[in-house]
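Spelled out, the chains give:
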Amino acid sequence: MNIVRIPEKIDHHRRRLFGIAAATMAAAQLGTIRVATAQGVGTQVAVSGAMKPRTSFASLKRINAGLLNVGYAEGGPADGPPVILLHGWPYDIYSYVDVAPLLANTGYRVIVPYLRGYGTTSFLSDATARNGQQAALGGDVIALMDALGIQKAVVAGYDWGARTANIVAALWPDRCKAMVSVSGYLIGSQAANEAPLPPQAELQWWYQYYFATERGRAGYAKNTGDFARLIWQLASPQWKFDDTTFALSAAAFANPDHVDIVIHNYRWRLGLADGEREYDDLEKKLATFPTISVPTITMEGDANGAPHPDPSVYAKRFSGKYEHRLITGGIGHNLPQEAPQAFAQAVIDVDRF
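Quick look at the structure, then. Quick caveat, the model's predicted, so the values are computed rather than measured.

This part takes up the nonpolar core. In summary, soluble globular proteins display a tendency toward joint burial of nonpolar side chains. By size, the foremost hydrophobic cluster in this structure holds 100 residues, and its most contacted members are Leu85, Trp89, Leu103, Met299 and Phe343. Residues within four places of Leu85 in sequence aside, it is in contact with Tyr96, Val99, Leu103, Val110, Ile111, Val112, Pro113, Ala156 and Phe343.

This is the structure:
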């Protein structure tokens, strides 16, 4: 059972707009919903009942956006309030295959793009650097919003996707209505990454050091699927995903730029690979660890096996209306796929802040 906390102050006008659709969604897809109110605590919603996992999206599209031709899934009404869902590594858009219809059925226009180096997203020019630095991925989201005619959206993500959402919210708050971020505040800098961590923490980043070597690049290129499966198992030790679920996402790693993007991303973090000069000003801003002012819900699974900060460390990074949710029940790193109801609820709730 996933327990999510909803703020006491609710936008009742928006609640009425979503009421009928939300009730339909609950009955058809979420099973039984029990609502209990405790004085001084606020409203708690407990979602129970099984939801059969999906294996496809309503619509898969492509569009030129900035440096890329972006492959993305889209669902919901074209005039609905937009939500952009961002995946991590080594995962893909299928992390949201169950979240997307929950939001679409509630009236949202849901956009789930493949990040650069994944799935059907490709570079428009062979001459473009296969750059995985954080500012480049943030810029990709803004370029996609421009291409789709989206001025402002709720942005949500986990892993690389959470960091990218953080960057959009921090650097372009006028484009971000609200944010959901698994594992909180993940903006980094090369300078900060120079500081060594305690041995146990360093051990969790073993693959980062593996990727710093040419042996690591060759090993990842040769064993991409096995590598990804191992990360899934380590990061979500209680998630019993099957071969079909894994295969749906593993197909995205066949992208010809995937290895280059992944290796550059981790080498850049350690200062072992240069970024591009056009992102220098953005990286300087990010290196100051800017405060995020947009309404935010951060989330964490109670069984996340991947490196992640304690919520007390990053709470001060959010200056707007803010809430943190711990999702229980053995939920690991890939929270939207492991707990889609809780993730979708967080998106709806943060939009009401």
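Here the narrative resumes, following the displayed structure.
So, about the packing of helix α8 (residues 224-235) against helix α9 (residues 243-250). Packing of α8 against α9 brings their axes to within 11 Å, and their N-to-C directions diverge by 120 degrees. Relative to α9, the element α8 lies oblique. Both α8 and α9 take part in a crossing whose hand is right-handed. Of the residues in α9, those touching α8 at Gly225, Ala228, Arg229 and Trp232 are Asp243, Thr245, Phe246 and Ser249. In terms of residue class, the contact of α8 with α9 is made up of 3 nonpolar, 3 polar and 2 charged.

It is worth spelling out the pairing of strand β10 (residues 176-182) at this point. Across the 7 residues of β10, 6 count as buried, placing the element largely inside the fold. Bridge count for strand β9 (residues 153-157) against β10 is 5 bridges, and the pairing is parallel. For Gly157, the partnering residue across the bridge sits in β10 and is Ser181. The β-α-β motif built from β9, the intervening helix α4 (residues 160-171) and the parallel element β10 has right-handed crossover chirality. Sheet topology note: the β10/strand β11 (residues 296-301) ladder contains 4 bridges and is parallel. Its bridge partner lying in β11, Ser181 is registered against Thr298.

Before going further, it helps to examine unusual backbone geometry. Residue Pro90 is reached from Trp89 by a cis peptide bond, and omega for that bond is -10 degrees. Within the secondary structure, Pro90 is located in the loop between β6 (82-86) and α2 (99-104). A positive phi is found at Ser183, a non-glycine position, where the angle reads about 70 degrees. Mapped onto the elements of the fold, Ser183 is located in the loop between β10 and α5 (199-204). A positive phi angle, close to 55 degrees, is found at Phe289, a residue other than glycine. Mapped onto the elements, Phe289 comes out in the loop between α11 (280-286) and β11. The exposure class of Phe289 is partly exposed, given its relative accessible area of 23%.

Attention shifts here to a nonpolar patch on the surface. Nonpolar side chains collect at one region of the surface, where Trp206, Leu230 and Leu234 lie side by side and expose about 240 Å² of accessible area between them. Take Trp206: it is sitting in helix α6 (residues 206-211). On the basis of relative accessibility, which here comes to 30%, the residue Trp206 falls in the partly exposed class.

Before going further, it helps to spend a moment on the packing of aromatic side chains. Under the counting rule described, the total for this entry stands at 32 aromatic pairs. An angle of 65 degrees between the planes, with centres 5.4 Å apart, marks the rings of Trp89 and Tyr266 as edge-to-face. Taken together, the positions of Trp89 in the loop between β6 and α2 and Tyr266 in helix α10 (residues 258-269) put the pair 177 residues apart, joining distant regions of the chain. Classification of Trp89 by relative accessible area gives buried; the value is 1%. Here the aromatic cluster, defined as three or more aromatic residues joined through ring pairs, consists of Trp89, Tyr118, Trp160, Trp205, Trp206, Tyr207, Tyr210, Phe211, Tyr220, Phe227, Phe253 and Tyr266. Between Arg229 and the ring centre of Phe246, over which it is positioned, the NZ or CZ distance is 4.4 Å.

What counts, and where the lines are drawn
Residues numbered from 1 in each chain as written. Predicted model: local features only at pLDDT ≥ 70, side-chain atom pairs only at ≥ 80, totals over all residues. Heavy atoms only, no water. Core = buried A, V, L, I, M, F, W, Y, C linked by side-chain atoms within 4.5 Å. Buried < 20%, exposed > 50% of the residue type's maximum accessible area, 1.4 Å probe, protein only. Contact = heavy atoms within 4.5 Å. Axes fitted to C-alpha atoms, helices over the stretch in contact; angles between N-to-C directions. Helix = DSSP H or I, 4+ residues; strand = E, 2+ residues; numbered from the N terminus. Parallel < 35°, antiparallel > 145°, perpendicular 65-115°, else oblique. Left-handed = near helix turned anticlockwise from the far one by under 90°. Nonpolar A, V, L, I, M, F, W, Y, C, P; charged D, E, K, R; others polar. Pairing = 2+ DSSP bridges. Right-handed = clockwise from strand over helix to strand, strands pointing away. Patch = residues over 30% accessible without salt bridge, like charges linked within 9 Å, V, L, I, M, F, W, Y side chains within 5 Å. Areas by Shrake-Rupley, 256 points an atom, 1.4 Å probe, with all protein chains shown as cover. Salt bridge = Lys/Arg side-chain N within 4 Å of Asp/Glu carboxyl O. Phe/Tyr/Trp six-rings, centres within 6.5 Å; stacked < 30°, edge-to-face > 60°. Lys NZ or Arg CZ within 6 Å of the ring centre and 35° of its normal.

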